[in-house]
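Report on the structure
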Amino acid sequence: MNATLPPLALYVHVPWCVRKCPYCDFNSHGIGRSDGKGREALPEQDYLAALIADLEADMALAGNRHLRSIFIGGGTPSLMSGDFYRRLLAAVAQRIPFSDDIEITLEANPGTLERGRFAAYREAGINRLSLGVQSFQDAQLKALGRIHDGDDALLAVAEAREAGFDNINLDLMHGLPGQTPESALADLDQALELAPEHLSWYQLTVEPNTEFHSHPPVLPDDEILWDIQDLGHARLEQAGLRRYEISAYTRPGRHARHNLNYWNFGDYLGIGAGAHAKLSRWDADRLYIERRWKTRQPDAYLRRLQDPRGFVAGARTIGDDDILIEFAMNALRLVDGVALSTWQAHTGRPQGELEKCLHVAREKGLLVQDRERLQATPQGLLFLNDLLALLSEDE
């Protein structure tokens, strides 16, 4: 049965950061800058031991599959040392085999790096960097609560190239406080000068339980946001970066494999404080899909190392009423969508079960009239939430 399971990836969560940004709703916890870099207070050795134990408890769920990608996110993973990742990746490889072309991504904050750190990450086996630049303009970075400035971002890219990284993603935001189309395009132009292989360009949104939610900044109005998006998409396409997901652009062959696994409804293990996982299993000729999550608070997670209950905080099996929406929420983010055969391969459900839910969305022009693919039209991409709501009602 393992041959019919979806591809497998691994997500590793590092929950600490120097200071929590006012827009961030991720599981991140500020630690201050006791040594000027924010690392003195980090329990590297204890966290490494916990991650390995966490993986040990989950490794049977991998079956006979190889890992196709690893993504180390946060928080700020670049607070950890190169030796931490060398030992972690060696421990993972001892337990679950890697595919020959595995993609291993590390998120890095330009404000937490020092000369030589990138070389240590590269030597540890990390072969892709995702740099949280957000903007190159100091006033915008200050408004976002970032600890780096524009020069730090430029230096980080240069040092990453010097260390041998040939696969770099830049994270940029738009729709920032007081931003104009001209300043948004200036950020894109600066990013393009750095020739990244991949660019994530997404709109700032104010999320609950954030400082921005309690004290909202003045954001651009809808007309300005439309102008920013239209002009920005055109600028990126002209520069040879193809949009393949709602907020992701790539040069040929440099798609984010780990994220593609999410959007194609693949499986992934999740280790670390608050990490989430999606896992499939066959039982009595039926494929069951489970989502599970780990203990969220870092101190509580570390205490679970000595707890016989392990690290899992909760789990749920995706029910029949939710499977279509969960699949569509991922697949329809892709500009080209996914083959309809992916539905059957990754959910264990017959293709006809999906087809009967799509006709109304096709009639309204939100889905492409293609019986081989599940793909949103340009209008459907613009109004993805409305499209998903329509599929939910039709289901």
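Parameters at a glance
- Residues numbered from 1 in each chain as written.
- Predicted model: local features only at pLDDT ≥ 70, side-chain atom pairs only at ≥ 80, totals over all residues.
- Heavy atoms only, no water.
- Helix = DSSP H or I, 4+ residues; strand = E, 2+ residues; numbered from the N terminus.
- Rg over C-alpha atoms; globule rule 2.2 N^0.38 Å.
- Buried < 20%, exposed > 50% of the residue type's maximum accessible area, 1.4 Å probe, protein only.
- Contact = heavy atoms within 4.5 Å.
- Areas by Shrake-Rupley, 256 points an atom, 1.4 Å probe, with all protein chains shown as cover.
- Lys, Arg positive; Asp, Glu negative; His and termini not counted.
- Charge placed at Lys NZ, Arg CZ, Asp CG, Glu CD.
- Pairing = 2+ DSSP bridges.
- Core = buried A, V, L, I, M, F, W, Y, C linked by side-chain atoms within 4.5 Å.
- Phe/Tyr/Trp six-rings, centres within 6.5 Å; stacked < 30°, edge-to-face > 60°.
- Lys NZ or Arg CZ within 6 Å of the ring centre and 35° of its normal.
- Patch = residues over 30% accessible without salt bridge, like charges linked within 9 Å, V, L, I, M, F, W, Y side chains within 5 Å.
- Salt bridge = Lys/Arg side-chain N within 4 Å of Asp/Glu carboxyl O.
- Polar contact = N/O pair within 3.5 Å; in protein donor to acceptor, adjacent residues only side chain to side chain.
- Axes fitted to C-alpha atoms, helices over the stretch in contact; angles between N-to-C directions.
- Parallel < 35°, antiparallel > 145°, perpendicular 65-115°, else oblique.
- Left-handed = near helix turned anticlockwise from the far one by under 90°.
- Nonpolar A, V, L, I, M, F, W, Y, C, P; charged D, E, K, R; others polar.

Structural notes on the overall build of the protein
Helix and strand counts for the protein stand at 16 helices and 16 strands. Over its C-alpha atoms the protein spans a radius of gyration of 21 Å, differing by no more than 12% from the 21 Å that the globule rule assigns to 395 residues. Per-residue burial over the protein gives 54% buried out of 395 residues. Across the protein, contacts joining residues at least 24 apart in sequence account for 71% of those joining residues at least 6 apart. Carbon and sulfur atoms form 49% of the exposed surface of the protein, whose accessible area is close to 17300 Å². Charge separation in the protein, taken as the distance between the mean sites of 41 positive and 57 negative side-chain charges, equals 5 Å.

Some points on the pairing of strand S11 (residues 267-271)
Taken across its five residues, S11 has five buried, putting it largely inside the fold. Of the two faces of S11, the one holding Asp267, Leu269 and Ile271 and the one holding Tyr268 and Gly270 are both buried throughout. As judged from the five bridges shared by strand S1 (residues 8-14) and S11, these two strands associate in the parallel manner. By the bridge assignment, Ala9 is partnered in S11 with Tyr268.

Quick look at the nonpolar core
If you look at the biggest cluster of nonpolar residues, it comprises 68 residues, and the most contacted ones within it are Ile70, Tyr85, Phe118, Leu170 and Leu199. If we ignore the near neighbours within four places in the chain, the residues touching Ile70 are Leu10, Val12, Leu89, Val92, Phe98, Ile102, Glu103, Ile104, Thr105 and His258. Formed by 34 residues, the second largest nonpolar core is a distinct cluster that contains Ala256, Phe327, Ala331 and Leu381.

Concerning the environment of Trp263
As for its placement among the helices and strands, Trp263 is situated in helix H9 (residues 257-263). Of the residues examined, Trp263 reaches a relative accessible area of 10% and is grouped as buried. The sequence separation of Trp263 and Leu332 amounts to 69 residues, and the corresponding C-alpha distance is 7.9 Å.

Observations regarding unusual backbone geometry
For the bond from Gly74 to Gly75, the omega torsion is 25 degrees, close enough to zero to count as cis. Take Gly75: it is sitting in the loop between strand S4 (67-74) and helix H2 (82-95). Although it is not a glycine, Ala195 sits at a positive phi angle of roughly 55 degrees. Locating Ala195 in the fold gives a position in the loop between helix H6 (181-193) and strand S8 (198-203).

Examining the packing of aromatic side chains
Geometry of an aromatic ring pair is reported as the spacing of the ring centres plus the angle between the planes. Taken as a whole and judged by the stated rule, the model has 11 aromatic pairs. Relative to Trp343, the ring of Phe327 has its centre 5.2 Å away and its plane inclined at 85 degrees; by these criteria the two rings are edge-to-face. A residue pair is termed long-range when its members are at least 10 positions apart, and Phe327 in helix H11 (residues 320-331) and Trp343 in helix H12 (residues 340-347) qualify at 16 residues. The ring of Phe165 has Arg122 lying over it, and the distance from NZ or CZ to the ring centre is 5.7 Å. The ring of Phe265 is capped by Lys278, whose NZ or CZ atom sits 4.4 Å from the centre of that ring.

Considering a nonpolar patch on the surface
A cluster of nonpolar residues, Trp226, Leu382 and Phe383, forms a patch on the protein surface that exposes about 280 Å² of accessible area. By secondary structure assignment, the location of Phe383 is in the loop between helix H15 (378-382) and helix H16 (384-394). Residue Phe383 is classed as partly exposed on the basis of its relative accessible area of 34%.

Quick look at the side chain of Asp267
On the secondary structure map, Asp267 appears in strand S11. A polar contact is formed between the side chain of Asp267 and the side chain of Arg65, at a distance of 2.9 Å. Only 2.7 Å separates the side chain of Asp267 from the side chain of Lys278, close enough to count as a polar contact. Excluding residues that lie within four positions of it along the chain, Asp267 makes contacts with Pro6, Pro7, Leu8, Ala9, Arg65, Asn261, Lys278, Leu279 and Ser280.

With respect to a negative patch on the surface
Together, Glu182, Asp221, Asp222, Glu223, Asp227 and Asp230 make up a region of like negative charge exposed at the surface. It is helix H8 (residues 222-238) that provides the largest number of residues to the negative patch, a total of four residues. Locating Glu182 in the fold gives a position in helix H6. According to the relative accessible area criterion, Glu182 is exposed, its value standing at 57%.

Thoughts on the packing of H6 against H8
Following both chains from N to C, one finds H6 and H8 inclined at 25 degrees, their axes separated by 9 Å at the closest point. Judged on the interaxial angle alone, H8 and H6 are roughly parallel. With respect to the hand of their crossing, H6 and H8 are arranged in right-handed fashion. Taking contact as the criterion, the partners of Pro181, Ala184, Leu185, Leu188, Asp189 and Leu192 in H6 are, on H8, Ile224, Asp227, Ile228, Leu231, Gly232, Arg235 and Leu236. Its residues placed into classes, the contact of H6 with H8 shows nine nonpolar, one polar and three charged.

Structural notes on the environment of Val312
Within the element layout of this structure, Val312 appears in strand S14 (residues 312-317). The exposure class of Val312 is partly exposed, given its relative accessible area of 30%. Here the alpha-carbon distance between Val312 and Leu8, two residues 304 residues apart in the chain, equals 19 Å. If we skip the residues at most four places from it in the chain, Val312 touches Arg292, Trp293, Lys294 and Arg304.

Coordinates in, geometry out; function isn't part of it.
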